[in-house]
Each structure stands twice: as structure tokens, then as C-alpha cells.
Amino acid sequence: MMRIFRHKGYFIGVHIVLCISLFSTLYAYSPVIRVKVKEMIEPADKVYTIAHRGASGYAPENTIPAFELAREMGADSIELDIHLTKDLIPVVIHDETVNRTTSGKGFVKNMTLEQIRQLDAGSWFNQDYPMFARDLYTGLTVPTLEEVFETFGKDINYMIEIKEPASKFGIEAILNDTILKYDLAKRVSVHSFSAASLRQLHAINPDIPLYQLVWNDYAATRVTQSYLDTVKTYAVGISPNFQGISGAYVAQVKRAGLKIIPYTVNYQLNMDKAYSWGVDGVHTNYPDRFLEVIAANRANAKW
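So, how was this worked out
Residues numbered from 1 in each chain as written. Predicted model: local features only at pLDDT ≥ 70, side-chain atom pairs only at ≥ 80, totals over all residues. Heavy atoms only, no water. Helix = DSSP H or I, 4+ residues; strand = E, 2+ residues; numbered from the N terminus. Buried < 20%, exposed > 50% of the residue type's maximum accessible area, 1.4 Å probe, protein only. Polar contact = N/O pair within 3.5 Å; in protein donor to acceptor, adjacent residues only side chain to side chain. Core = buried A, V, L, I, M, F, W, Y, C linked by side-chain atoms within 4.5 Å. Contact = heavy atoms within 4.5 Å. Pairing = 2+ DSSP bridges. Right-handed = clockwise from strand over helix to strand, strands pointing away. Phe/Tyr/Trp six-rings, centres within 6.5 Å; stacked < 30°, edge-to-face > 60°. Lys NZ or Arg CZ within 6 Å of the ring centre and 35° of its normal.

**Considering the side chain of Ser197**
Now for step 1: Along the polypeptide, Ser197 turns up in helix 8 (residues 195-204).
Now for step 2: A relative accessible area of 0% means that Ser197 is categorised as buried.
Now for step 3: Within the local environment of Ser197, its side chain forms a polar contact with the side chain of Glu172, the two groups lying 2.5 Å apart.

**Some words on the nonpolar core**
Now for step 1: Ranked by internal contacts, the top residues of the largest apolar core, which has 66 residues, are Leu80, Tyr158, Ile160 and Val190.
Now for step 2: In this view, Leu80 contacts Asn62, Phe67, Val92, Leu145, Val148, Tyr158, Met159, Ile160 and Glu161; residues no more than four positions away in its chain are not counted.
Now for step 3: In terms of nonpolar packing, the next biggest core, distinct from the first, is built from ten residues, Val91, Ile93, Met111 and Leu119 among them.

**Re the pairing of strand 7 (residues 237-240)**
Now for step 1: Burial along strand 7 is two-sided: the residues Gly237 and Ser239 and Ile238 and Pro240 are all buried.
Now for step 2: Taken together, the four bridges between strand 6 (residues 210-214) and strand 7 define a ladder with parallel strand orientation. Within strand 7, the residue paired with Tyr211 across the bridge is Gly237.
Now for step 3: Two elements, strand 7 and strand 8 (residues 259-260), share two bridges in a ladder whose sense is parallel. Each residue of the ladder has a partner; that of Ile238, found in strand 8, is Ile260.
Now for step 4: Assessed by its sense of winding, the connection that carries the chain from strand 7 through helix 10 (residues 247-255) to strand 8 is right-handed.

**Some details on the packing of aromatic side chains**
One pair of aromatic rings is described through two measures. These are the centre distance and the angle between the planes.
Now for step 1: One pass over the full model with this rule turns up ten aromatic pairs.
Now for step 2: Taken together, a centroid distance of 5.2 Å and an interplanar angle of 80° make the contact between Tyr58 and Phe132 edge-to-face. Of this pair, Tyr58 sits in the loop between strand 1 (48-52) and helix 3 (64-73) while Phe132 sits in the loop between helix 5 (123-128) and helix 6 (145-152), placing them 74 residues apart in sequence.
Now for step 3: When its relative accessible area of 14% is taken as the criterion, Tyr58 is described as buried.
Now for step 4: The class of Phe132 is partly exposed, set by a relative accessible area of 28%.
Now for step 5: A ring pair is formed by Phe242 and Trp277, whose centres lie 5.6 Å apart and whose planes are at 20°; its orientation type is stacked. You can see Phe242 sitting in the loop between strand 7 and helix 10 and its partner Trp277 sitting in helix 11 (residues 268-277), a full 35 residues away along the chain.
Now for step 6: Judged by relative accessible area, which is 6%, Phe242 ranks as buried.
Now for step 7: Residue classification places Trp277 among the buried residues on the basis of a relative accessible area of 15%.
Now for step 8: The rings of Trp124, Phe125, Tyr129 and Tyr137 are connected pair by pair, giving a single aromatic cluster.
Now for step 9: The ring of Phe107 has Lys109 lying over it, and the distance from NZ or CZ to the ring centre is 5.9 Å.
Now for step 10: The ring of Tyr286 carries the charged tip of Arg289 above its face, separated from the ring centre by 3.7 Å.

Following this line, the structure appears as C-alpha cells:
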């Protein structure tokens, strides 16, 4: 009988050693697992849902109704884009021209605010997405940044993209002045593809969290440490395109002490993958979908 117990003990002991060895190997060679272990010990307080141009899957992008819908859905932040008009007013529009999302034609920088006010910024959405069409979208105007701040105040957070960076008109200084005017420094983050623009804004106001937008042509498994070290001198994180990253990429960025919030993640399968990689949040046109993914993962006790 003692021999049987010894055999069982030996069998169990061997398997415990094998399991520990396997986990140690995976931990050593898998950056994703290292991040997950760290998160189990020090779980993230929040995975952020950032409504890309508002809830733009359901309403005309960069309009007040799109932002209102995002807030109703429970998004943590609304993401919006700004350009300067000819009379140096920050307006909320993605493209450098008004062609795609309004009834007009021309460059934003060549038009006054009064001219832009005459344009219909919502009917195009009803035509392109009839399943989500609403009468109130017809005749919407392009909002100014001040309008957005006046409408939502401190009820939500803002992620603002500078679309025409480091211009001779100083969009960074104008943006900072507008943020301070509405006392929203603790509610606003800013991102841009232009490191020069982010550096300029950081010099003006180092208290505003900045994110470096990144485009990768393929699924990158690594990013150079020197690049991450450089980004850390002016930004708190990076926002890469989702298709250009991997779990290892996410792990490396987080090990460097930077946040990572990929864009634009619209399918729940990809949202689930991003969540499992340990991202700090995602930019999405469908904030309700990502909130469902977060809830499902937590309910199922997934990482």
C-alpha cells in the first residue's frame, strides 16, 4: 500500500514540475503572458471605450448627435478631429476638405466659419446608411470645438486629434487656450500623427496627456525601444492601427511604461482580441459593442 502511495506521489510531483516548467517557459518566451501575469497581480483600473468621431457607426461623424449617442451608450471618451477655418476657429471635422461629409466643396482652411455654417453635415449619412437614418440628421452643421465643450462640459472625456499640425497659425496654442477657457484640462487628451505638433503642445501645456498616433503597414511584432523612449519624453501612450499590431507589440509598449489604445476596432472578434492582449482601450465607431465585449470578458473571468 505504501508503494502505491509513493507511486502516486511521484506521479503527481512529476506533473507539478512539468506544469511549472511549461509555465516558466511560456512566461520567458511569451510577452503576452508576462503582461497577463502582471495584470493579474496589478489589474488595470479601466479599459477605455473611446467613441471614434462619436458613435459614428450610428450617426454622422463628428456631429453633436454622434457625441450625444456615444455618451448615452456609456463611452468613456469622445474622439474628435479639429481643423482651423480661414478665420482661425477650430471646427470639428475629419478631412481637410468639406467634400465628403457636407453638402459643400472646398478646403476648410479656405472657408470662414460663417461659410461652413451654411453646409449640411448630416444628410450624406442618411443616404449612405439608410438603416440608421434619422430626420434630425438632415441639416446638421459642422460644430466648433467650443460648441462641443459648451454642450458636454465635464460630463465626458475628450480625445482630440490635431489634423493640421504645427501650422503657421499655431493650432496647438489655440487648442490649449480653448481647453483652459472651459476648464477641461483634466478631461482632455490629444493625439496626432505629428510628433512635432505633440511636442509643441507638450511645451505649451505639459499637463495634457498626449498620444502618438502610429501607422504600421503590417502586423508588427516589435517596435524599437529607442522609439518608445523618445515618445515617452512628450507622450503618455501610443495609438497604432489595430491591423498593424500583435500581442507581443502590445506587451512591449506596456513594458516600456506607455499606454496603448489602438484604432479603429469595429468588429467584436477584434475587440475581444484587443482586450485579451491587454490594451488600455480602443477607438471604435461602435462603443456599445466594445462595452459588451468588456462585460462579457469580465463575466467569464477572462483576462
